[in-house]
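Listed here are the chains, written in short residue letters.
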Amino acid sequence: MNATTEQAERGYMSVEEVARYLDMSVSTVYKLTSDGTLPHYKPKGKKLYFKRSELDSWVMRGKEA
C-alpha cells in the first residue's frame, strides 16, 4: 500500500505528510498552523492532523489573477 492510499484510508494526514504534499518544510507547516493559516485538527491538544480536501481548498483559495 502506498502513502496516498494509506492517507485516504485513514482520512487524515500527519505533519510530515502535509509537508511533502505541499512541498514545504515541517517547520513551515507548524508555523502556518500556529498562526491559524493552515486548517488542522488537534485532538487532546497534542498531535496535529489534516484533511487532504481542506488542504486542497486552502491551496485553491490562494489563486492569483
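It should be emphasised that the depicted structure is a prediction, and the values quoted were computed from it without experimental measurement. (Residues numbered from 1 in each chain as written. Predicted model: local features only at pLDDT ≥ 70, side-chain atom pairs only at ≥ 80, totals over all residues. Heavy atoms only, no water.)

Draft legend 1. A look at the packing of helix H2 (residues 15-22) against helix H3 (residues 26-34). The geometry of H2 relative to H3 is characterised by a closest axis approach of 8 Å and an angle of 105 degrees between their N-to-C directions. Regarding the angle of H2 to H3, the classification is roughly perpendicular. Across the interface between the two elements, Val15, Glu16, Val18 and Ala19 of H2 pack against Val26, Val29 and Tyr30 of H3. (Axes fitted to C-alpha atoms, helices over the stretch in contact; angles between N-to-C directions. Helix = DSSP H or I, 4+ residues; strand = E, 2+ residues; numbered from the N terminus. Parallel < 35°, antiparallel > 145°, perpendicular 65-115°, else oblique. Contact = heavy atoms within 4.5 Å.)

Draft legend 2. Highlighting the confidence of the model for the protein chain. Averaged over every residue, the pLDDT of the protein chain is 89; the share at 70 or more is 88%. Element-level mean pLDDT values for the protein chain span from 64 in helix H1 (residues 3-10) up to 97 in H3. (pLDDT = per-residue confidence, 0-100.)

Draft legend 3. Quick peek at the side chain of serine 14. Topologically, serine 14 is positioned in the loop between H1 and H2. The residues touching serine 14, leaving out its near neighbours within four places in the chain, are Leu48 and Phe50.

Draft legend 4. The nonpolar core, seen in detail. Of all hydrophobic cores here, the largest spans twelve residues; its members are Met13, Val15, Val18, Ala19, Leu22, Val29, Leu32, Leu38, Leu48, Phe50, Leu55 and Trp58. The set of elements that each furnish at least two residues to this core consists of H2, H3 and helix H4 (52-60). For this core, the leading source of residues is H2, giving four residues. Here leucine 38 is in contact with Val18, Leu22, Val29, Leu32, Thr33, Phe50, Leu55 and Trp58, once residues within four sequence places are set aside. (Core = buried A, V, L, I, M, F, W, Y, C linked by side-chain atoms within 4.5 Å. Buried < 20%, exposed > 50% of the residue type's maximum accessible area, 1.4 Å probe, protein only.)

Draft legend 5. Structural detail: the packing of H2 against H4. Following both chains from N to C, one finds H2 and H4 inclined at 40 degrees, their axes separated by 12 Å at the closest point. Relative to H4, H2 is oriented oblique. The two elements H2 and H4 meet at a crossing, and its hand is right-handed. Facing H2, whose interface residues are Val18, Tyr21 and Leu22, H4 presents Arg52, Leu55, Asp56, Trp58 and Val59. When its residues are assigned to classes, the contact of H2 with H4 shows six nonpolar, no polar and two charged. (Left-handed = near helix turned anticlockwise from the far one by under 90°. Nonpolar A, V, L, I, M, F, W, Y, C, P; charged D, E, K, R; others polar.)

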